[in-house]
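Observations on chain architecture
Spelled out from the first residue to the last, the chains are:
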Number of protein chains: 2
Amino acid sequence: MTSMIISTLSGLHLIGDLYQCNPTHLSDSTLLRKRCTQLCKDAGLTVLGDFFYQFEDAGVTGTVVLAESHIAIHTWPETCTVALDVFVCNHSRDNSDKAHQLFNTAVELLQPKKVIRKAVVRGRYERQTAHRVA
Amino acid sequence: MTSMIISTLSGLHLIGDLYQCNPTHLSDSTLLRKRCTQLCKDAGLTVLGDFFYQFEDAGVTGTVVLAESHIAIHTWPETCTVALDVFVCNHSRDNSDKAHQLFNTAVELLQPKKVIRKAVVRGRYERQTAHRVA
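Re the overall build of chain A
- Along its length, chain A carries three helices and eight strands.
- The N-to-C order of helical and strand elements in chain A reads β-β-α-β-β-β-β-α-β-α-β.
- Counting over 134 residues, chain A shows a buried share of 51%.
- Long-range contacts, defined as pairs at least 24 residues apart, comprise 61% of the intrachain contacts of chain A with a sequence gap of at least 6.
- On chain A, roughly 6100 Å² of surface is accessible, and the fraction owed to carbon and sulfur atoms is 49%.

So this is what it looks like as structure tokens:
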């Protein structure tokens, strides 16, 4: 007997609070948008669209919407801090490796001296209660 | 002597895995986008822009970018599940009340029978180490 687990919401959400970043990418929305979307593609993820906003004489805030969920980035160049979120769902396969690659390459881009990182497993309840089909 | 804490990244991130939702809003990106942006405004948050995508004969994925950070929503109508994120920063004031209002009204909209909710305090390290100016 084989079983199939129906799973959709299931995925890995990586949360980073980044301190003492390199300021190069923190106050240029055009550059940050270009680099972020490229990092998503490099990780094998599917970019559906994005929205980035440049605050006047300040930081950048933006998201890239993926077929597999999203990346969000908010920067404060005045203190060289960045809030980074990478959420990648496992709709057709386990995409945890892609989530880690995207998170790690974004951190490499921003060059923080200190990272507070959390990993949240999404859809845990769903996996525990998923229908099993014989 | 008075002190001022310089704080930027600091904020509240509410994460929801929603199960057994009402399907009404889960497969209509136009409707979901309209409702989400209105809920942000109702909570006193500033909408900068958004991107929503309609999967063919399936769910919706989208984000609303706020001056105070973002809301992200990903739906799977085939299982009536939704991944919901509300991240609201405290740049000029403590916006935790607005984060809770937005999260709670989004949950009311989607009407899940089961919610797995997590609250992540962002920028905790920054608050602990913030410069204090006499």
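What about the interface of chain A and chain B?
- Contact with chain A, which involves 46 residues of that partner, is made by 46 residues of chain B.
- Overall, the association of chain A and chain B removes approximately 3300 Å² of surface from exposure, summing both partners, and the carbon and sulfur fraction of that is 69%.
- The interface formed by chain A and chain B includes four salt bridges.
- Put simply, D17 of chain A and R122 of chain B hold a salt bridge, and the shortest N to O gap is 2.6 Å.
- In this structure, the connection of chain A to chain B is made through 13 residue pairs in polar contact (both at pLDDT 80 or more).

Digging into the pattern of salt bridges
- This structure, assessed with the given rule, holds eight salt bridges over all chains.
- In this structure, D85 of chain B and R122 of chain A form a salt bridge, with 3.0 Å as the shortest nitrogen-oxygen distance. One end of the pair, D85 of chain B, is in strand β6 (residues 81–89); the other, R122 of chain A, is in strand β7 (residues 114–122), on a second chain.
- Overall, D85 of chain B belongs to the buried group, its relative accessible area being 0%.
- Through salt bridges that share partners, D17 and D85 of chain A together with R122 of chain B make up one connected network.

Topic: the sheet that holds strand β4 (residues 60–66) of chain A
Residue and element names in this part refer to chain A.
- Pairing in this open sheet of six strands is antiparallel, and the strands run β3-β4-β5-β6-β2-β7 from one edge to the other. Taken across any chain shown, the strands that pair with only one partner, and hence form the sheet edges, are β3 (47–54) and β7. The sheet shows a mean angle of 10° between the axes of neighbouring strands, taken without regard to direction.
- As paired elements, strand β2 (residues 11–19) and β7 share nine bridges and run antiparallel to each other. When the bridges of β7 are listed, G16 appears paired with R117.
- Its contacts with the sheet put helix α1 (residues 29–42) on β3, β4 and β5 (69–76), and the angle it makes with β3 is roughly 155°.
- Contacts between helix α2 (residues 96–110) and the sheet are confined to β2, β5, β6 (81–89) and β7, with β2 contributing the most and set at about 10° to the helix.

About the cut-offs
Residues numbered from 1 in each chain as written. Chains lettered and ligands numbered in written order. Predicted model: local features only at pLDDT ≥ 70, side-chain atom pairs only at ≥ 80, totals over all residues. Heavy atoms only, no water. Helix = DSSP H or I, 4+ residues; strand = E, 2+ residues; numbered from the N terminus. Buried < 20%, exposed > 50% of the residue type's maximum accessible area, 1.4 Å probe, protein only. Contact = heavy atoms within 4.5 Å. Areas by Shrake-Rupley, 256 points an atom, 1.4 Å probe, with all protein chains shown as cover. Buried area = accessible area lost by both parts, 1.4 Å probe. Salt bridge = Lys/Arg side-chain N within 4 Å of Asp/Glu carboxyl O. Polar contact = N/O pair within 3.5 Å; in protein donor to acceptor, adjacent residues only side chain to side chain. Pairing = 2+ DSSP bridges. Axes fitted to C-alpha atoms, helices over the stretch in contact; angles between N-to-C directions.

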